[in-house]
Amino acid sequence: MKKIYSILTIAVAAVIMTSCNDYLDVKPTNQLDQSELFKTEDGYEDALTGVYSNMAGTALYGKELTWRMLDLLGGYYYGPIYGTNSEINEYRYKHKDSNRSETVIGIVDNVWSGMYAQIANLNEILSTIDANKGVFTTTDHYNIIKGEALGLRAFLHLDLLRMFGKAYSVGKDS
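Residues numbered from 1 in each chain as written. Predicted model: local features only at pLDDT ≥ 70, side-chain atom pairs only at ≥ 80, totals over all residues. Heavy atoms only, no water.

Let's talk about the overall build of the protein chain
Summing up its helical and strand segments, the protein chain has eight helices and zero strands in all. Shown N-terminal to C-terminal, the secondary structure of the protein chain runs as helices and strands in the order α-α-α-α-α-α-α-α. The burial tally for the protein chain puts 28% of its 174 residues in the buried class. Taken as a whole, the protein chain presents about 12300 Å² of accessible surface, with 57% of it coming from carbon and sulfur. (Helix = DSSP H or I, 4+ residues; strand = E, 2+ residues; numbered from the N terminus. Buried < 20%, exposed > 50% of the residue type's maximum accessible area, 1.4 Å probe, protein only. Areas by Shrake-Rupley, 256 points an atom, 1.4 Å probe, with all protein chains shown as cover.)

As for the nonpolar core
By size, the foremost hydrophobic cluster in this structure holds 30 residues, and its most contacted members are Leu 65, Met 69, Met 115, Leu 122 and Ile 125. Sorting the residues of this core by element identifies helix 3 (41–55), helix 4 (69–74), helix 6 (102–129) and helix 7 (139–164) as the ones contributing at least two each. The element that contributes the greatest number of residues to this core is helix 6, accounting for 10 residues. Setting aside chain neighbours within four positions, we find Ile 125 in contact with Phe 38, Tyr 44, Ala 47, Leu 48 and Ala 149. (Core = buried A, V, L, I, M, F, W, Y, C linked by side-chain atoms within 4.5 Å. Contact = heavy atoms within 4.5 Å.)

Regarding a nonpolar patch on the surface
On the surface, a nonpolar cluster with roughly 290 Å² of combined accessible area is contributed by Trp 112, Tyr 116 and Phe 164. Judged by its relative accessible area of 35%, Tyr 116 is partly exposed. (Patch = residues over 30% accessible without salt bridge, like charges linked within 9 Å, V, L, I, M, F, W, Y side chains within 5 Å. Salt bridge = Lys/Arg side-chain N within 4 Å of Asp/Glu carboxyl O.)

Here's the deal with the pattern of salt bridges
Oppositely charged side chains can form a pair if their charged atoms are brought close together. Summed over all chains, the structure comprises four salt bridges. Across the pair Glu 64 and Arg 68 runs a salt bridge whose closest N-O atoms are separated by 3.0 Å. The class of Glu 64 is buried, set by a relative accessible area of 6%. Overall, Arg 68 belongs to the buried group, its relative accessible area being 19%.

Some thoughts on the packing of aromatic side chains
Enumeration according to the criterion identifies six aromatic pairs in this entry. Judged by centre distance (5.7 Å) and plane angle (35°), the rings of Tyr 61 and Phe 155 are tilted. With Tyr 61 in the loop between helix 3 and helix 4 and Phe 155 in helix 7, the pair connects residues that are 94 residues apart, well separated along the chain. Under the relative-accessibility criterion, Phe 155 is labelled partly exposed at 38%. Following the ring pairs from residue to residue traces out a cluster consisting of Phe 38, Tyr 44, Phe 136 and Tyr 142. (Phe/Tyr/Trp six-rings, centres within 6.5 Å; stacked < 30°, edge-to-face > 60°.)

Re the environment of Met 115
Within the element layout of this structure, Met 115 appears in helix 6. Once the C-alpha coordinates of Met 115 and Leu 60 are considered, the two residues, 55 residues apart in sequence, prove to be 7.4 Å apart.

Some details on the packing of helix 3 against helix 7
Each pair of packed helices can be summarised by the angle the axes make with each other and by the distance between the axes. Direction vectors running N to C along helix 3 and helix 7 enclose 25°, while the axes themselves pass 11 Å from each other. The orientation of helix 3 with respect to helix 7, classified from their angle, is roughly parallel. In the crossing of helix 3 with helix 7, the sense of the turn from one axis to the other is left-handed. Residues Glu 41, Tyr 44, Glu 45, Leu 48, Val 51, Tyr 52 and Met 55 of helix 3 form the contact with helix 7, whose participating residues are His 141, Ile 145, Glu 148, Ala 149, Leu 152, Phe 155 and Leu 156. Broken down by class, the residue content of the contact of helix 3 with helix 7 amounts to 10 nonpolar, one polar and three charged. (Axes fitted to C-alpha atoms, helices over the stretch in contact; angles between N-to-C directions. Parallel < 35°, antiparallel > 145°, perpendicular 65-115°, else oblique. Left-handed = near helix turned anticlockwise from the far one by under 90°. Nonpolar A, V, L, I, M, F, W, Y, C, P; charged D, E, K, R; others polar.)

As for the confidence of the model for the protein chain
Overall, the predicted model of the protein chain reaches an average pLDDT of 80, with 72% of residues at or above 70. At the low end of the mean pLDDT range in the protein chain sits helix 5 (residues 85–93), at 56; at the high end sits helix 3, at 95. (pLDDT = per-residue confidence, 0-100.)

The following block contains the structure:
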């Protein structure tokens, strides 16, 4: 009886410890592999729509780059509705100061990384679109998607330069 129990235990353990390689591989429903996404024309449209959607988030043009961070830096707003004077001064001066505000650092870092994340997404579109030109039903649609991706990438680079680059009067030679 003890021998049968040992054999049965070993057999059950062997069955439990073996598994299929794909059993635990679960793909998230909101994410696609690049090779799967760019197999169709709709995949390119979805990728471009994702870039626009991410740009509309509050860390980018949905808030900070439309009406909050840049306007506070420019001194357009004062008063309790848009923040106290100390909050405005934090936006203006403390990002490079030794006593920096963690809130301001977080906001500026989110803008920086959010814009470069969208540039990376656009680079993925542009790196595969020429090789997959055959998935497009018309040449016009291929040209529209490629043109939008190129234009958006240039726009984001220009906006980063506008916000974080040196002024031309000071850094024209750099």
